[in-house]
Amino acid sequence: MGTRSETARHDGDDRSSFAALREAARHTYGADAAGYREGRPDYPPRLYELLRSRCGLGEGSRVLEIGPGSGLVTEHLVAAGARVVAVEPDPGFAEYLGRAMPEIQVVEAPFEEAEVGTGFDAVFAATSFHWLDPSTALRKLGGVLRPDGWAAIWWTVFSDPYREDPLLAEASAALGFEPGNQRGGTAFQLDTDARCEDLRRGAGLVDIAAELIPWDLPMSAVEVRALFSSMMTVRQLPDDERTRTLDTIANLVNDRCGGVATRRHLTALYTGRRAG
């Protein structure tokens, strides 16, 4: 799903506004599940390597996936031989997953309320954990793992804030706002101390680790347009403004980048183990 940089902060007076945004998000992205799937690029190979080597993903693993969306990661889990329970609150995504991957169990409910049992070898959340109530979700995450089971939560920032992004800079200048808010609102995903403390104190995990994975992806104008079209800040625009925004970005890719823009991405991965 969308990143926290696409949302309002939900501390203090913003809790009620975030709750309303979270509820809206649970019906927004899945309304066009296929379009969302087309727009979001896969995660870097390094991430899947760590899920296997550190978190034990493999043949027969019993995995709970929180907020699988259109199933981008789910396909990798199934291909690795895992038995997947996918908890998805968005009815559109839940229906899409049920059709696309009948071999998995889809639970249509918010994770905080879902009846999923316990004893999972791993719990994974790909660009989704920011949509949950943190205290409830973290306690539950730790509780559904078996002893020595692993949790991994991660996000991709679609414009690495530590490296220049000429395309986004030009698009923001032309539009008068930053589409996707990817560079200006990444404090949550990239606050490694806080996210590790979430897993340690909130979920009761040990062997906590954080890794930031920078990676580049050449994208055509069509692919860049689809990516920005999948973001909450763009989806919520009026139709004419949304079209203008996407046209501007796509034209910049064609006019300034020769039809292919190398997008600089950053994936933040946090892992931890339930003590044996």
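The structure we're discussing is the one just above.
The sections below set out a description of the structure shown in this document. Since this is a predicted model, take the numbers as computed values, not measurements.

**Thoughts on the overall build of the protein chain**
Move 1: The helix and strand tally for the protein chain stands at twelve helices and seven strands.
Move 2: For the protein chain, the proportion of its 276 residues judged to be buried stands at 55%.
Move 3: In the protein chain, 76% of the contacts between residues at least 6 apart in sequence involve partners at least 24 apart.
Move 4: Split by element, the accessible area of the protein chain, about 11400 Å² in all, is 48% carbon and sulfur.

**Thoughts on the nonpolar core**
When a protein is soluble and globular, its nonpolar side chains tend to lie buried together.
Move 1: By size, the foremost hydrophobic cluster in this structure holds 33 residues, and its most contacted members are Leu64, Phe129 and Leu141.
Move 2: If you tally residues by element for this core, the top one is strand E5 (residues 145-157), at five residues.
Move 3: Non-local contacts of Phe129, meaning those with residues more than four positions away in its chain, are made with Ile66, Ala137, Leu138, Leu141, Ile153 and Trp155.
Move 4: Grouped together as the second largest cluster of nonpolar side chains are 27 residues, Val73, Met101, Phe124 and Trp150 included.

**Here's the deal with the packing of helix H10 (residues 221-229) against helix H12 (residues 239-257)**
Axis angle and axis distance: for two packed helices, these are the angle between their axes and the distance between the axes, and together they describe the pair.
Move 1: Interhelical geometry of H10 versus H12 gives an angle of 150° and a closest axis separation of 9 Å. Looking at the two axes, H10 sits roughly antiparallel to H12. Judged by the twist between their axes, the crossing of H10 over H12 is right-handed. Two secondary-structure elements touch here, H10 through Ala221, Val224, Arg225, Phe228 and Ser229 and H12 through Thr243, Leu246, Asp247, Ile249, Ala250, Val253 and Asn254.
Move 2: Here the contact of H10 with H12 is composed, by residue class, of seven nonpolar, three polar and two charged.

**Some words on the pattern of salt bridges**
Move 1: For the coordinates displayed, the defined rule picks out 16 salt bridges.
Move 2: Residues Arg163 and Asp216 are paired through a salt bridge, measuring 2.9 Å at the closest nitrogen-oxygen approach. A residue pair is termed long-range when its members are at least 10 positions apart, and Arg163 in the loop between E5 and helix H7 (166-175) and Asp216 in strand E6 (residues 205-220) qualify at 53 residues.
Move 3: For Arg163, a relative accessible area of 24% corresponds to the partly exposed category.

**Section: the sheet that holds E6**
Move 1: Spatially, seven strands are ordered E3-E2-E1-E4-E5-E7-E6 in an open sheet, and the strand pairing comes out mixed. The sheet is open, and its two edges are formed by strand E3 (105-107) and E6, each paired on a single side. When strand polarity is set aside, the average angle formed by the axes of neighbouring strands in this sheet is 20°.
Move 2: Looking at chain direction, E6 and strand E7 (residues 260-274) are connected through 14 bridges and run antiparallel. Looking at E7, one finds that Pro214 is bridged to Leu266.
Move 3: Together, strand E1 (62-66), strand E2 (83-87), strand E4 (120-126) and E5 form the strand contacts of helix H4 (residues 72-79), whose direction differs from that of E1 by roughly 175°.
Move 4: Contacts from H12 reach E6 and E7 within the one sheet, and its direction differs from that of E7 by about 120°.

**Quick word on helix H5 (residues 91-100)**
Move 1: By the burial criterion, the buried members of H5 are Phe93, Ala94, Tyr96 and Leu97. Buried residues in H5, looked at end-on, bunch into an arc of 165°, giving them a common side.
Move 2: Between a side-chain oxygen at the N-terminus of H5 and the backbone nitrogen of Gly92 the separation is 2.8 Å; the capping residue is Asp90.

**Remarks on H7**
Given 3.6 residues to a turn, an α-helix orients residues that are three or four positions apart in the same direction.
Move 1: Residues of H7 that are buried include every one of Leu167, Leu168, Ala171, Ser172 and Leu175, and no others. Taken around the axis of H7, the buried residues stretch over an arc of 125°, which confines them to a single face. Residues of H7 that are exposed and point over 90 degrees away from its buried face: Ala173 and Ala174.
Move 2: In this fold, the buried residues of H7 make contact with H10, H12 and E7.
Move 3: Downstream of H7 by a residue or two, Gly176 has a phi angle that is positive, lying close to 85°.

**Concerning the packing of aromatic side chains**
Move 1: Under the counting rule described, the total for this entry stands at four aromatic pairs.
Move 2: Ring geometry for Trp155 against Tyr270: centres 6.2 Å apart, planes inclined by 70°, an arrangement best described as edge-to-face. One end of the pair, Trp155, is in strand E5; the other, Tyr270, is in strand E7, and 115 residues separate them in sequence. Note on accessibility: Trp155 and Tyr270 belong to one class, buried.
Move 3: Put simply, the rings of Tyr43, Phe124 and Trp154 pair up and form one aromatic cluster.
Move 4: Lying across the ring of Phe120, Arg62 places its NZ or CZ 4.0 Å from the centre.
Move 5: One residue, Arg195, lies across the ring of Phe188, its end atom 3.9 Å from the ring centre.

Parameters and conventions
Residues numbered from 1 in each chain as written. Predicted model: local features only at pLDDT ≥ 70, side-chain atom pairs only at ≥ 80, totals over all residues. Heavy atoms only, no water. Helix = DSSP H or I, 4+ residues; strand = E, 2+ residues; numbered from the N terminus. Buried < 20%, exposed > 50% of the residue type's maximum accessible area, 1.4 Å probe, protein only. Contact = heavy atoms within 4.5 Å. Areas by Shrake-Rupley, 256 points an atom, 1.4 Å probe, with all protein chains shown as cover. Core = buried A, V, L, I, M, F, W, Y, C linked by side-chain atoms within 4.5 Å. Axes fitted to C-alpha atoms, helices over the stretch in contact; angles between N-to-C directions. Parallel < 35°, antiparallel > 145°, perpendicular 65-115°, else oblique. Left-handed = near helix turned anticlockwise from the far one by under 90°. Nonpolar A, V, L, I, M, F, W, Y, C, P; charged D, E, K, R; others polar. Salt bridge = Lys/Arg side-chain N within 4 Å of Asp/Glu carboxyl O. Pairing = 2+ DSSP bridges. Arc of directions from axis to C-beta. Polar contact = N/O pair within 3.5 Å; in protein donor to acceptor, adjacent residues only side chain to side chain. Phe/Tyr/Trp six-rings, centres within 6.5 Å; stacked < 30°, edge-to-face > 60°. Lys NZ or Arg CZ within 6 Å of the ring centre and 35° of its normal.

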